[in-house]
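Residue-level listing of the chains:
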Amino acid sequence: MATNGKLNRKLRMALVGGGQGSFIGRVHATAAVLDNRAALVAGALSSDPAKAKASAPDYDILPERAYGSYAELIEKEAALPADKRVDFITIATPNHTHFPIAKAALSAGFNVICDKPMTFDLKQSEELCELVKKSQVVFALTHNYTGYPLVRHARQMILAGELGEIQAIRSNYLQGWLRSRIETGGQKQAAWRTDPGKSGAAGSFGDIGTHAYNLARYMTGLIPSEVSCHLKIFEPGRQLDDYGHAVIRFENGALGSVTASQISHGRENDLFIEIDGTKGAIAWRQEEPNVMTVRRNGQPHALYTRDPNAPHLNESGKAACRLPAGHPEAFFEAFANVYRFAYDDMVKRASGEKFSHIDTIYPNVADGVDGMNFIQQCVASSHENGKWLSLKHPALRR
Ligand code: NAI
């Protein structure tokens with residue numbers, strides 16, 4: 001554990017969510033310790049207090065720090081001496097719970113790692129943004145696809161102008177797991193995602209469309225101006241969209257599209273993005289994340305590989321690698337890269353050094369507002385038959 005610098009100790013983590021039978025909490029717990037810079041020491045792992053405590057041994061959390069609720073976790077941890085209490089709280093619970101948990105955590109001074117979409121609605125996200133700015137905690141949002149080395153490499157290439165002016169972006173996230181109404185048969189992850197009281201105003205667009213949108217924004221840095229969207233519910237009886245297309249106009253004149261589907265047979269987590277610039281085009285797919293194609297008219301297509309020792313990989317790409325080329329890195333490592341760079345800021349905060357809330361390599365609270373604004377405007381546009389609506393928001397990353 002050499003990388004926490006001046007702090008000279010591991011960061012202490014608490015996990016909210018991740019109880020038995022859940023999905024992403026375990027991914028957080030694994031990614032958070034990948035670099036040996038943190039230890040998971042406390043948790044409120046389930047909405048059911050008995051299950052929360054019963055789940056604690058799965059994470060080696062001691063019984064005295066296995067709490068029955070997030071409120072108890074925050075109250076008891078805040079009362080511990082500074083050399084015992086947790087440094088940060090990870091929120092891996094369904095969408096409707098993110099805001100109250102995040103608000104309580106940061107009001108008590110804890111750094112927060114929150115899963116996406118950031119909140120239930122736009123208003124909550126704006127309030128959270130204000131609270132983060134006032135509280136001066138580190139806040140990271142796990143749009144984990146931003147952590148892939150070749151995504152970071154592409155971002156640096158694009159921001160340096162290597163593809164010229166960006167004119168077109170196609171970002172798609174296709175799944176097939178909600179092709180039938182498995183939510184009626186007790187599939188837990190499907191049940192809350194298709195429930196408007198828990199998921200939010202959108203279904204597929206909130207769950208995965210927001211990832212595709214965030215990736216387009218992250219890789220290009222372009223500022224959106226307007227959106228026109230059509231959302232559909234193809235499975236009869238479902239209350240939230242399971243398919244949709246959005247067209248986005250960007251301030252620089254570029255045109256983008258986001259497609260999200262949860263009803264496409266055989267698609268697993270097929271997030272893929274293509275970006276066209278005046279000097280070149282790139283294509284990247286998260287199911288094959290260690291390669292990226294760069295095309296320029298009149299030249300052979302170039303296949304970039306994730307190789308930290310190759311001269312073609314830029315500084316940003318290299319900083320996101322752990323293994324030599326040919327040993328595939330994927331979901332856990334990308335997730336861990338959100339943590340890695342948030343840890344650098346947590347160490348700065350703990351050491352009394354300045355850090356930025358907005359200018360971060362990892363998605364932050366402003367990106368969370370951007371995502372919620374996107375969801376809100378897509379739903380509103382779709383209700384008005386695809387009417388063009390503004391995507392401008394004062395919180396947007398510039
Ligand atoms: P899940 O349903 O598998 O697990 C949710 C867990 O949170 C359960 O253990 C549940 O008991 C617990 N929980 C619910 N309310 C709670 C409360 N008030 N206090 C403590 N624990 C509580 O859900 P899943 O799939 O793990 O998703 C969780 C969140 O992560 C969602 O916001 C989802 O959008 C996001 N997610 C992000 C992914 C990514 O790639 N970044 C992938 C999957 C999910």
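Here the structure is a predicted model, which means the values were calculated and not measured.

A. Geometry of the site of the ligand. As a structural note, the neighbourhood of the ligand is formed by 30 residues, with Ile 24, Asn 95, Lys 116, Asn 144 and Gln 189 the closest of them. Between the ligand and His 98 there is a distance of 2.9 Å, counted from an oxygen atom to a side-chain nitrogen or oxygen. Contact between the ligand and Thr 142: a nitrogen atom at 3.1 Å from a main-chain N or O atom of the residue. Relative to its unbound accessible area of 840 Å², the ligand is 92% covered by the protein chains. When residues of the shell around the ligand are traced back to their parent elements, those giving at least two are strand S1 (11-17), helix H7 (188-193), helix H9 (204-220) and helix H11 (331-350). Ranked by residue count, the leading element in the shell around the ligand is H7, at 4 residues. Among the domains, domain 1 (2-145 + 340-363) and domain 2 (147-324 + 370-396) are the pair contributing at least three residues each to the shell around the ligand.

B. Looking closely at the packing of H9 against helix H12 (residues 365-383). Here H9 crosses H12 at 125°, and the two axes come no closer than 10 Å. Put simply, H9 runs oblique to H12. In this structure, the crossing between H9 and H12 has a hand that is right-handed. Of the residues in H12, those touching H9 at Phe 205, Gly 206, Gly 209, Thr 210, Tyr 213, Asn 214 and Arg 217 are Asp 367, Asp 370, Gly 371, Phe 374, Ile 375 and Cys 378. Counted by class, the contact of H9 with H12 contains 5 nonpolar, 5 polar and 3 charged residues.

C. Region of the structure containing helix H6 (residues 149-159). Within H6, 9 of the 11 residues are buried, which leaves it mostly tucked inside the rest of the structure. Count one or two residues on from H6 and you reach Gly 161, which has phi positive near 85°.

D. Structural detail: the environment of Ala 66. Here Ala 66 lies in the loop between helix H2 (49-55) and helix H3 (70-79). Sequence separation between Ala 66 and Arg 238 is 172 residues, and the spatial gap between their C-alpha atoms is 36 Å. When near neighbours in sequence (up to four residues on either side) are disregarded, Ala 66 contacts Gly 43, Lys 53, Ala 56 and Ile 61.

E. Representation of the domain arrangement of the protein in the model. Split into domains, the protein comes out as domain 1 (2-145 + 340-363) and domain 2 (147-324 + 370-396). For domain 1 versus domain 2, the distance between C-alpha centres works out to 25 Å. Each partner contributes to the interface: domain 1 provides 25 residues, whereas domain 2 provides 34 residues. Both faces combined, the contact of domain 1 with domain 2 buries some 2500 Å², and carbon together with sulfur accounts for 55% of it. Considering only the surface of domain 1 that becomes buried against domain 2, Leu 122, Tyr 145 and Ile 361 emerge as the three largest contributors, covering 32% of it. A salt bridge links Arg 322 to Asp 35; the shortest N-O distance between them is 2.8 Å. Linking domain 1 with domain 2 are 12 residue pairs in polar contact (both at pLDDT 80 or more), by the criterion used here. If you list the elements that add at least two residues to the side of domain 1 that touches domain 2, you get helix H5 (122-135) and H11. Here the side of domain 1 that touches domain 2 gets 3 residues from one element, more than from any other, and that element is H5. Considering only residue class, the side of domain 1 that touches domain 2 consists of 10 nonpolar, 10 polar and 5 charged.

F. Geometry of the sheet that holds strand S8 (residues 243-250). As summarised here, the arrangement of the 9 strands in space is S13-S12-S11-S10-S6-S9-S8-S7-S14, forming an open sheet in which the pairing is mixed. Across the chains shown, the open sheet's two edge strands, defined by having one partner strand only, are strand S13 (302-305) and strand S14 (389-390). Pairing geometry for strand S7 (residues 224-232) and S8, over 8 bridges, is antiparallel. Paired with Cys 229 across the bridge in S8 is Ala 246. Against the sheet, H6 makes contact with strand S6 (166-174), strand S10 (270-277), strand S11 (281-285), strand S12 (291-295) and S13, and its axis sits at roughly 25° relative to S12, the strand it touches most. Along the sheet, H12 contacts S7, S8, strand S9 (255-261) and S14; its crossing angle with S7, the most-contacted strand, is approximately 60°.

Reading the values: rules and limits
- Residues numbered from 1 in each chain as written.
- Predicted model: local features only at pLDDT ≥ 70, side-chain atom pairs only at ≥ 80, totals over all residues.
- Heavy atoms only, no water.
- Near = heavy atom within 4 Å.
- Polar contact = N/O pair within 3.5 Å; in protein donor to acceptor, adjacent residues only side chain to side chain.
- Areas by Shrake-Rupley, 256 points an atom, 1.4 Å probe, with all protein chains shown as cover.
- Helix = DSSP H or I, 4+ residues; strand = E, 2+ residues; numbered from the N terminus.
- Domains from an automatic or database assignment.
- Axes fitted to C-alpha atoms, helices over the stretch in contact; angles between N-to-C directions.
- Parallel < 35°, antiparallel > 145°, perpendicular 65-115°, else oblique.
- Left-handed = near helix turned anticlockwise from the far one by under 90°.
- Contact = heavy atoms within 4.5 Å.
- Nonpolar A, V, L, I, M, F, W, Y, C, P; charged D, E, K, R; others polar.
- Buried < 20%, exposed > 50% of the residue type's maximum accessible area, 1.4 Å probe, protein only.
- Buried area = accessible area lost by both parts, 1.4 Å probe.
- Salt bridge = Lys/Arg side-chain N within 4 Å of Asp/Glu carboxyl O.
- Pairing = 2+ DSSP bridges.

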